[in-house]
Amino acid sequence: MSVRRPDTHGSMVPNDEVMPYSDDETDDELDDDFDETSDEGEEPEVPRPPHPPVEARPKIGWKVKANDRPYHQLPEFEKKVFLCIKKSRYSGNAIKTYKYNAITFLPLNLYEQFKRAANLYFLALLILQIIPDITTLPWYTTLIPLVVVLGITAIKDLVDDLARHRMDKEINNRRCDVLLNGSFQETKWMDIQVGDVVRMKKNDFIPADILLLSSSNPNSLCYVETAELDGETNLKFKMGLRVTDERLQQEDQLAQFDALIDCEEPNNRLDKFTGTMLWQRERYPLDLDNMMLRGCKIRNTDVSHGLVIFAGGNAAKNGGKTRFKRTKIDELMNYMVYTIFALLILVAAGLAIGHSFWYEEIGSKAWYLYDGKNQSSSYRGFLSFWGYIIVLNTMVPISLYVSVEVIRLGQSKFINWDLQMYFAEKDTPAKARTTTLNEQLGQIEYIFSDKTGTLTQNVMQFKKCTIADSFHVITIFVVYPQPVDWTWNHLADKKFQFMDHSLVAVVRSLKDKEALEFFKLLSLCHTVMVEHKDGSDLIYQAASPDEGALVTAARNFGYVFLSRTQDTITIREMDQENTYHMLALLDFNSDRKRMSIILKFPDGRIRLYCKGADTVIYERLSPNSKYKETTQTALDEFANETLRTLCLCYKDISQAEFDAWSRKHKEAQVTMVDRDAALDHVYEEIEKDLMLIGATAIEDKLQEGVPETIATLAKAGIKIWVLTGDKKETAENIGYACSLLTDDMQIHYGEDVNEKLVVRQANRRSEAFTSHPSKKKPAEPFFTDGGKNALIITGGWLSWCPQIDFVDMACECEAVICCRVTPKQKANVVSLVKKYKKAVTLSIGDGANDVNMIKTADIGVGISGQEGMQAVMSSDYAFAQFRYLQRLLLVHGRWSYIRMCKFLRFFFFKNFSFTLIHFWYSFFSGYSSQIGYEDWFITLYNLCYSSLPVLLVGLLDQDVNDKLSLKFPRLYLPGQERRMFNYKNFFVSLFHGIFVSLIIFFIPYGAFLQTMGQDGEAPSDYQSFAVVTASSLIFTVNLQISLDTAYWTFVNCFAVLGSIAIYFGIVFDLHSAGIHFLFPSMFTFTGVASNALRQPYLWLTIILTVGISLLPVICIQFLYKTIWPSDGDKKYEKELEEEERRTKTSAFQRGRRSRRSAYAFSHSRGYADLLASGRSIRRRPPTRGGAQDSIREVSQREAENI
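Predicted model, so just to flag it, every value in this text is computed and none were measured.

The rules we used
- Residues numbered from 1 in each chain as written.
- Predicted model: local features only at pLDDT ≥ 70, side-chain atom pairs only at ≥ 80, totals over all residues.
- Heavy atoms only, no water.
- Axes fitted to C-alpha atoms, helices over the stretch in contact; angles between N-to-C directions.
- Helix = DSSP H or I, 4+ residues; strand = E, 2+ residues; numbered from the N terminus.
- Parallel < 35°, antiparallel > 145°, perpendicular 65-115°, else oblique.
- Left-handed = near helix turned anticlockwise from the far one by under 90°.
- Contact = heavy atoms within 4.5 Å.
- Buried < 20%, exposed > 50% of the residue type's maximum accessible area, 1.4 Å probe, protein only.
- Pairing = 2+ DSSP bridges.
- Polar contact = N/O pair within 3.5 Å; in protein donor to acceptor, adjacent residues only side chain to side chain.
- Disulfide = S-S within 2.5 Å.
- Core = buried A, V, L, I, M, F, W, Y, C linked by side-chain atoms within 4.5 Å.
- Domains from an automatic or database assignment.
- Patch = residues over 30% accessible without salt bridge, like charges linked within 9 Å, V, L, I, M, F, W, Y side chains within 5 Å.
- Areas by Shrake-Rupley, 256 points an atom, 1.4 Å probe, with all protein chains shown as cover.
- Salt bridge = Lys/Arg side-chain N within 4 Å of Asp/Glu carboxyl O.
- Phe/Tyr/Trp six-rings, centres within 6.5 Å; stacked < 30°, edge-to-face > 60°.
- Lys NZ or Arg CZ within 6 Å of the ring centre and 35° of its normal.
- Nonpolar A, V, L, I, M, F, W, Y, C, P; charged D, E, K, R; others polar.

Draft legend 1. Structural detail: the packing of helix 10 (residues 400–416) against helix 26 (residues 884–922). The geometry of helix 10 relative to helix 26 is characterised by a closest axis approach of 11 Å and an angle of 160° between their N-to-C directions. With respect to their mutual orientation, helix 10 and helix 26 come out roughly antiparallel. Of the two possible hands of crossing, helix 10 and helix 26 adopt the one that is right-handed. Mapping the contact onto sequence places Leu-400, Ser-403, Val-404, Ile-407, Arg-408, Gln-411, Phe-414 and Ile-415 in helix 10 and Leu-888, His-892, Ser-896, Arg-899, Met-900, Phe-903, Leu-904, Phe-907 and Phe-908 in helix 26.

Next comes the structure, spelled out in structure tokens:
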């Protein structure tokens, strides 16, 4: 039985083994998690153990009648779409994934783009520039950049939509045989309707969501490939009902089929279906095993017939819903754009007021400024305000969002191309499945990881077992140096290895009754399907790797599972083949944590076999059951070795007892409300008074490099939480094995901290009455002893703990392990940390039970492992091994964050430097909204003259190489602390831009006051001044980005020099006489560049301006690197010193207490519903593929590189 810890606090401790939630929630059910204790001051006074919630009643409102198209057009099935326009709720089968057609593309795409605030802002500016009294810039200065940005986005959208058009056309024009007017006729998919009977052939795609009626295989079994649905290429199987299999094989039988299907409405669940079929006054239950979903492909089945249940858009609803994720930098960038817009309004308003005063005092009295308009100074100030909104519009960067998307796309490609994240054994490269989250990889504070298949390999091997009987009180078998030779068993799996020769001898002797019963149970109590390949070779397909390992073990010990039909299971017991009649199969789920099978033996006996987690099995054992204590001792030993365990037991049932139970079972099978709950209740009635046989132990090894990866990430300041469905003892031992838990940590268990939680709640309630709400005291830490702490809790404890207290306590710990948690609880934990800590989170997992957690976190990472592709399909990033996570974060994530921050800082700086020239010029132009540059320079500045160098910094820059990034994990800290891009950095860029614009304007202004050219003429005109300031700006901006570039390549050098060359090339062209002759009103700076830039005096002015602009930056960078190192620099230096002093120490293994291990089941549902109807299977075997370097001594040269 379960052993309580000695310091348990009585009723304060919930049942550690309770898993209070089901594991089939959809994404949108996770939005309001833990609402029962959402307010900090409203915790329950007495914590109560949780109760499983009653499953919501399914919506039963979808009726389908076979071979009756007019039935579905009845008025009762119509729905209102607009005003009084109604249409049938049963949509046609044509799909439409494209967004545009030839008529709607231009207006609809423009509408979508102008929903963005920046694009709408520039459209408003363009409209203002059309008004003659307001405009101070030609319309093309705004139109050309806007058209370029809109055009690039529109072309991208058009290419994407054309691909969708081609795909839709190809799918809608596929052909399928439909039963019309008594015979099958070839019909396009788009013409199929709900209620049609269709015929599909081998390798056909399934045209809609279809109820399987019959097939050419025995028992109407149909094999499907779901690669387009969930990415998995291994075959799955569906089956028709027995009644349809027997009566609907011929065309005339199908034509007379008139059943009425009553089922749930279209929804986004891919893992559930509930319905009934009423036919010939009999009602039959329907579930997911009877349904074939649209997009799957028929395999290994010559012909199959089905009834269309959901068509077209309704079938498409049966897909997952993905949350839209945005990065913290995205949010901050939007706020900064709003800040810039507010500054623009304030500056324009100030200059407008200045113009009003200027005109009142000076402008109205100067006869030569009279423009013939009798306008008041206030009205002129109003016009000047809008004029400055136009002139200063480049403060709000129109090309910012397009540039950011280009950078993110490039960073995603670098992740995809990284050969060091390529797993050769399975030919699996890393994949960035999104392009919008790369820089967030450099800010991760918490990682939430699954255990099985993520930290471990999820390749199960049967290692040990305990079988108790009169001869073997407890048999924990001794390891021999050589594995067992299986040549005596011609059906054995030659890859299976087992070390205990004595157990094989006991089984082969046929004298140990309990040992024989043990392996007979393993060969009979399962949901494995078998395929006979090449005559004698058996290929097993199991719902979980654990089941496959157990059946394979029984096979090698002489109990070979051969085949199964609807009612029978055939096995070979040593040399004798026996067939057992299967009366019922009670399938596994994560709430039951066990499965059972009821069999009728050849001699007429009825016996129930059961296997499951020790906690649920021990609760259901008979008082007369033997071997409880001995088996428990063995389980504790297995747990110490981090093995996964199952207890095996049986029960003999009389015929009368079974008949009474069978009637209840059949009633529960056809109920339409809470069918699963009804079945579980019936299962509970029969699964009691069990007799224990023994227990199995399965090994699931750690993946390569997991301990090193976790240790490295911990040094980077990232806290790692493991969320698993395994038992507490196994999870704790795995924590030590993978270096998540270390010997210097103080381990706290959920039951140990209950007293602290009670005190915290009492203090909070008393403070609520005594203290002023505005004077809220900060909460005291839970752990005041100092040192490192780790927390190990269970799902039952988590369900009643107040959420704020749990988050505060857990976040004080270096490591957290949550055991026995359901998929929904995993997502809840992630949500709580995001909600209360505002932290950037990452979830990583490999199975369907990790999907909710992956979608809830800021970053979701999927591992393509043994449990299919559901996690990968729901993830943002995917790769094959957990150890690649450190490279994804510490290299790609860190680089992406640094690059994006540097890009944004410089982008804002160069725009401020460029735009504020107009501000300084306004003091000398009567605040009249005049511009300080040539029109075309304003148009092309962000497009051609300054965009490429900063774009390449955002794509290629790196402060240290990848090896040093991994060697010094603390380099990751600035991203977590958000040091490199925040409002402080923004205002530094603003003041830097103000300073540079001040220098660029006033030095040429002073130089132009009294000057003389070589020809005796003074080049102090406005146009020459505009060319000199523009040239100074181009040199300054491009040289400034050169100073900020840490990693030089040929491309960077070419971009800087090329941008300067492009500027002069375009300027000389635009100032030529030829283009002025063609467009005299648009190109008015004729000959200015060639005249001004041949003056040495003006070149000296440009050099002086650029030098003074860059000199303070050079000095500040020098001082920061030599005299005022940052806190981070000091930490890195300290780490270098520690690294140099570090010596290798011998490994020390922590002594551990004995603990029991986890139950060896996956969280996925088994195949019991399928097997209860009895189907054999042929299925292809899954393909299976067969260190991180430790931190080394750092050389002095590498240290200097940092």
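Draft legend 2. Geometry of the pairing of strand 18 (residues 461–467). With five of seven residues buried, strand 18 is to be regarded as a mostly interior element. Bridging between strand 18 and strand 27 (residues 691–699) involves six bridges; their strand directions are antiparallel. Across the sheet, Thr-466 pairs through a bridge with Ala-695, a residue of strand 27.

Draft legend 3. Representation of the environment of Ser-1109 within the structure. Checked against the element boundaries, Ser-1109 lands in helix 36 (residues 1096–1122). On the basis of relative accessibility, which here comes to 0%, the residue Ser-1109 falls in the buried class. The spatial distance from the C-alpha of Ser-1109 to the C-alpha of Phe-995 is 7.8 Å, given a sequence separation of 114 residues. If near-sequence neighbours (up to four positions away) are discounted, Ser-1109 is found in contact with Phe-995, Val-996, Ile-999, Ile-1000 and Thr-1036. Side-chain polar atoms of Ser-1109 contact the backbone oxygen of Thr-1105, separated by 2.8 Å.

Draft legend 4. The state of the cysteines, seen in detail. Under the definition given, this model contains zero disulfides. Free cysteine: Cys-222, not disulfide-bonded; nearest cysteine sulfur from Cys-296 at 9.7 Å. For Cys-222, a relative accessible area of 0% translates into the label buried.

Draft legend 5. Quick peek at the sheet that holds strand 25 (residues 606–612). Ordered in space as 18-27-26-25-24-23-22-21, the eight strands form an open sheet in which the pairing is antiparallel. A single partner strand is all that each edge strand has here, and the edge strands are strand 18 and strand 21 (559–564). The sheet shows a mean angle of 30° between the axes of neighbouring strands, taken without regard to direction. Note that strand 22 (residues 568–573) and strand 23 (residues 576–586) share six bridges and pair antiparallel. Each bridged residue has a counterpart across the sheet, and for Ile-571 the counterpart in strand 23 is Asn-578.

Draft legend 6. Spotlight on the nonpolar core. Counting 99 residues, the largest nonpolar core has Leu-400, Phe-903, Leu-904, Phe-908 and Phe-937 as its most contacted members. If one sorts the elements of this core by residue count, helix 26 sits on top with 17 residues. Two domains share this core, each providing at least three of its residues, namely domain 1 (101–173) and domain 3 (397–407 + 892–1118). Ranked by size, the runner-up nonpolar core spans 53 residues in total, among them Val-504, Phe-557, Ile-597 and Leu-599.

Draft legend 7. Local environment of the side chain of Ser-929. Looking at the secondary structure, you find Ser-929 in the loop between helix 26 and helix 27 (935–945). Separated by 3.3 Å, the side chain of Ser-929 and the backbone oxygen of Ser-384 make a polar contact. Apart from the residues within four sequence positions on either side, Ser-929 is in contact with Thr-136, Ser-384, Gly-387, Tyr-388 and Val-391.

Draft legend 8. Expanded view of the environment of Ala-731. Relative to the assigned elements, Ala-731 resides in helix 19 (residues 728–737). Taking the C-alpha atoms as reference, Ala-731 lies 7.9 Å from Thr-642; in sequence the two are 89 residues apart.

Draft legend 9. Layout of a nonpolar patch on the surface. Together, Tyr-335, Tyr-338, Tyr-983, Phe-987 and Phe-991 make up a nonpolar patch on the protein surface, roughly 560 Å² of accessible area in all. At the level of secondary structure, the elements contributing two or more residues to the nonpolar patch comprise helix 8 (328–361) and helix 31 (983–1009). Broken down by element, the nonpolar patch gets its largest block of residues, three residues, from helix 31. Locating Phe-991 in the fold gives a position in helix 31.

Draft legend 10. Structural detail: the packing of aromatic side chains. Overall, the coordinates contain 69 aromatic pairs when judged by the stated rule. Where Phe-923 meets Tyr-927, the ring centres are 5.7 Å apart and the plane angle is 75°; that geometry is what we call edge-to-face. With a centroid separation of 5.9 Å and an interplanar angle of 10°, the aromatic rings of Phe-1001 and Tyr-1005 are classed as stacked. Linking Phe-1001 with Tyr-1005, this pair stays in helix 31, spanning four residues, or about one helical turn. Of note, Arg-555 hangs over the ring of Tyr-540, and the distance from its end group to the ring centre comes to 5.3 Å.

Draft legend 11. Structural detail: unusual backbone geometry. Even without a glycine there, the phi angle at Asn-203 is positive, about 75°. Tracing the chain through its elements places Asn-203 in the loop between strand 6 (197–201) and strand 7 (209–215). For Lys-838, which is not glycine, the phi dihedral falls at a positive 50°. Relative to the elements of secondary structure, Lys-838 occurs in the loop between helix 23 (823–837) and strand 32 (841–845).

Draft legend 12. Looking closely at the packing of helix 27 against helix 33 (residues 1050–1070). Two elements in contact, helix 27 and helix 33, have axes whose closest approach is 11 Å; the angle formed by their N-to-C orientations is 150°. Relative to helix 33, helix 27 is oriented roughly antiparallel. As for the relative orientation of helix 27 and helix 33, their crossing is right-handed in sense. Contact with helix 27, carried on its side by Trp-936, Phe-937, Leu-940, Cys-944 and Tyr-945, involves Ser-1059, Ile-1062, Tyr-1063, Ile-1066, Val-1067 and Leu-1070 of helix 33 and no other residues of that element. Classifying every residue of the contact of helix 27 with helix 33 gives ten nonpolar, one polar and no charged.

Draft legend 13. View of the sheet that holds strand 15 (residues 303–310). Within the open sheet, the six strands sit side by side as 5-4-6-15-7-13. Their pairing is antiparallel. Looking at which strands have only one partner, the edges of the open sheet turn out to be strand 5 (183–188) and strand 13 (291–292). The pairing of strand 6 with strand 15 spans five bridges and is classified as antiparallel. Its bridge partner lying in strand 15, Val-198 is registered against Gly-306.

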